[in-house]
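One-letter residues, chain by chain:
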Amino acid sequence: MAAAPSSAERPEPEIASSEMANAIRALAMDAVQRAKSGHPGMPMGMADVATVLFTRFLKYDPARPDWPDRDRFILSAGHGSMLLYALLYLSGYPGMSVEELKNFRQLGSKTPGHPELGDTPGVETTTGPLGQGIGNAVGMALAERLMNAQFGDTLVDHHTYAIAGDGCLMEGISHEAASLAGHLRLSKLIVLYDDNEISIDGPTSLTLSDDALRRFDSYGWATQRIDGHDPEAIATALEAAKGEDRPSLIACRTVIGFGAPTLAGTAKTHGAPLGETEIAGAREHLNWPHAAFEIPAEVLTAWRAAGAHGAGASESWSERLAAIDPAARAEFERRLAGRLPEDWGDKLAAFKREVLAEKATVASRVASQKTLEVLNECIPEMIGGSADLTGSNNTKTGDYGAVGPGEFAGRYIYYGVREHAMAAAMNGLALHGGFIPYGGTFLVFSDYCRPSIRLAALMRQRAVYVFTHDSIGLGEDGPTHQPVEHLAALRAFPNLQVFRPADAIETAECWELALSSENTPSVLALSRQGLAPVRTECGENYSAYGAYILAPAPRAREVTLMATGSEVQIALAAQQQLDEIGIAAAVVSMPCWKLFEDQPPHYREEVLGPGSLRIAIEAGVQLGWDRWIGSEGAFIGMNGFGASAPQKDLYPHFGITPEAVVDAVKARL
């Protein structure tokens, strides 16, 4: 009952598909011309494909853009955003008016240059960096199967469609994501490939010789090649794809800028307005004698009827939801709303008391795993994974089972060596709703995840990145694996919480903060080496302040020692040595700069110590620390890459020791 009706069951529009597609082409030409910038070629080329999809296949209800069982549509080729905006206007999404189309690419409009999640109903994800939409689509399709395994066809049974271009398929993330999707046999994922053989530089023959269909065949996808301007061929291909037991790629051979009399099929239509003369010629060629932004009543009526068709399925779904067991309905609604279970905080608090009593020395990656044992048991929407480093990242807990080909009852994803796809799929899982994804790799490999982390921050998604082996403390693997600049690089992102806990209590606190942050992704930078406990109580989550006085000065404070993670122990040892020579120092743990930045000025001043000498200690580069230490302070850390040696030899070799801290203080007092 929940499945979208087949094309045979849906009434075909009374207006010819080509006429409805021309409405998209005209709006794209007009909006780009008015904005004096944009990408008209792709919307004009894929208008026929999009028209068939939206009028005969896509399950959606414009009056209810957040209907949980809607099909997801992702425009991975985000530069062609006017395709999406035209579809949203024509099918009747709220707030998408002709005026918004006229304001394309203008400040404050709902029609930005690339689709942005947030203010524009019908936009499922922020796209523009090519290939990201494919990764998101894989995550969304995976989320659909995972939710279906838990709640059944009655509530969860929908497809994920994506339009991707040559650039999306050139980007390496497409390989990672498509390989994962093929392995998992995500049969409700259908990618429509705009195979127009044009990129910005010119014909794709300049740079591309591979066969996309054979490539996707090797991933385990079903593949088809069609004429992207033949509505019946498009419909037949989509119907076939919906019947597959694996993901589908439909290569749609199109003409970029279709309808433009002299520029169609050339790179000149890709990323610039066509010009008034070319637009006039296109109108004549397409038999579209209407003024700019004018859609004939019969065409708009046909489009609105296509959009309204989904209201019945949406209403029927609501009736089914209302009829299920109240407890199951409450759980389903809680998870989609992103609310955590009521008792999770109490269970985590009890766990922290146990940790405090144990006083064990453990690596923060191990402390994270122990914390996850508690969290995964009481928060069923948490879905974990690792990029082939499960045993090192300590991301798997309990016996929750692994997700596998056609098997979606598990709660752990073996992503393989696919860091970029992992991070993009995590975004898709979060965007779909019903899940809080976390995924692990080494901190040094966060570079492979950066584009997706950036989009998670931009889209305000709750995703947690478990990045272990966070410093030279990982030892013998050497400088290729020892991160030095990565903390600074990650801290540079707006709306990203970067946590580096100092012991097991702080690790649990940081997990608590990450999960409580509904609109902010988080990084947990965790150690390979054991960390002695530094906290003596756990009643209040001090990590929530971002930085706090861990060990007050024994007398009037002269020095403030600031540190994160494993280096907090060095700060505590230095405090004791300074006290022995009559210098009073306080130790400040700084697990999260962003949260500290958010504190009121008087609190920051109190923690940093007015008039005190400030020394920062972190086994990374200095970049960013000057804000906290000031012009008179000192930094004890790395000023180059690491080395291959046991951890116990590396810290003295690079001068990151209590003695080095004491010497820096003595040199400045």
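Above this text sits the structure in question.
A brief report on the enclosed structure follows. Predicted model, so just to flag it, every value in this text is computed and none were measured. (Residues numbered from 1 in each chain as written. Predicted model: local features only at pLDDT ≥ 70, side-chain atom pairs only at ≥ 80, totals over all residues. Heavy atoms only, no water.)

This part is about the packing of aromatic side chains. A full pass over the atoms with the stated rule returns 21 aromatic pairs. Ring centres of Phe54 and Phe73 lie 5.2 Å apart, and the angle between their planes is 85°; on these two criteria the pair is classed as edge-to-face. In this pair, Phe54 sits in helix H2 (residues 41-56) while Phe73 sits in strand S1 (residues 72-75), placing the two residues 19 residues apart along the sequence. Here Phe54 matches Phe73 in class, with each residue buried. For the ring pair Phe445 and Tyr448, a centre distance of 5.9 Å and an interplane angle of 25° mean the geometry is stacked. A network of ring pairs unites the aromatic residues Tyr542, Tyr545, Tyr548, Trp593, Phe596, Tyr603, Trp625, Trp628 and Phe635 as a single cluster. Between the NZ or CZ atom of Arg304 and the centre of the ring of Tyr89, over which it lies, the distance is 5.2 Å. Positioned above the aromatic ring of Tyr400 is the side chain of Arg411, whose terminal nitrogen or guanidinium carbon lies 4.4 Å from the ring centre. (Phe/Tyr/Trp six-rings, centres within 6.5 Å; stacked < 30°, edge-to-face > 60°. Helix = DSSP H or I, 4+ residues; strand = E, 2+ residues; numbered from the N terminus. Buried < 20%, exposed > 50% of the residue type's maximum accessible area, 1.4 Å probe, protein only. Lys NZ or Arg CZ within 6 Å of the ring centre and 35° of its normal.)

Even without being glycine, Arg185 reaches a positive phi, approximately 55°. Positionally, Arg185 belongs in the loop between helix H7 (172-184) and strand S3 (189-195). What makes Arg185 partly exposed here is its relative accessible area of 34%. Look at Lys359: it is not a glycine, yet its phi comes out positive at around 55°. Tracing the sequence through the fold places Lys359 in the loop between helix H14 (344-358) and strand S8 (362-363).

Right, let's talk about the sheet that holds strand S9 (residues 382-386) for a bit. Think of a sheet as strands paired side by side through backbone hydrogen bonds, with each pair either parallel or antiparallel. With parallel pairing, the six strands of this open sheet are ordered in space as S10-S9-S11-S12-S14-S13. Lying at the two open borders of the sheet, with one neighbouring strand each, are strand S10 (412-414) and strand S13 (497-499). For this sheet, the mean inter-axis angle between neighbouring strands, taken without regard to orientation, is 20°. Where S9 and strand S11 (residues 436-442) come together, three bridges link them in parallel fashion. Along S11, the bridge assignment pairs Ile383 with Pro437. The sheet contacts of helix H17 (residues 419-432) involve S9, S10, S11 and strand S12 (464-468), and relative to S11 the element is tilted by about 170°. Most of the contacts of helix H20 (residues 504-516) go to S13, to which it runs at about 165°, and overall it touches S9, S11, S12, S13 and strand S14 (522-525). (Pairing = 2+ DSSP bridges. Axes fitted to C-alpha atoms, helices over the stretch in contact; angles between N-to-C directions. Contact = heavy atoms within 4.5 Å.)

What follows concerns helix H9 (residues 231-242). Here H9 is twelve residues long and its end C-alpha atoms lie 17 Å apart, about the 16 Å a rise of 1.5 Å per residue gives. Those residues of H9 hidden inside the fold are in contact with helix H1 (17-35), H2, strand S2 (160-165), S3, strand S6 (222-227) and strand S7 (248-253). By the N-cap criterion, in which a side-chain oxygen at the helix start approaches the backbone nitrogen of a residue two or three places on, H9 is capped by Asp230, the distance to Glu232 being 3.1 Å. (Expected span 1.5 Å × (residues − 1). Polar contact = N/O pair within 3.5 Å; in protein donor to acceptor, adjacent residues only side chain to side chain.)

Look at H7 against helix H8 (residues 212-219): their axes get within 8 Å of each other, and the N-to-C directions meet at 45°. When the interaxial angle is binned, H7 and H8 end up oblique. Along its contact with H7, which presents Ser174, His175, Ala178, Ser179, Gly182 and His183, the element H8 presents Arg215, Phe216 and Tyr219. In terms of residue class, the contact of H7 with H8 is made up of three nonpolar, five polar and one charged. (Parallel < 35°, antiparallel > 145°, perpendicular 65-115°, else oblique. Nonpolar A, V, L, I, M, F, W, Y, C, P; charged D, E, K, R; others polar.)

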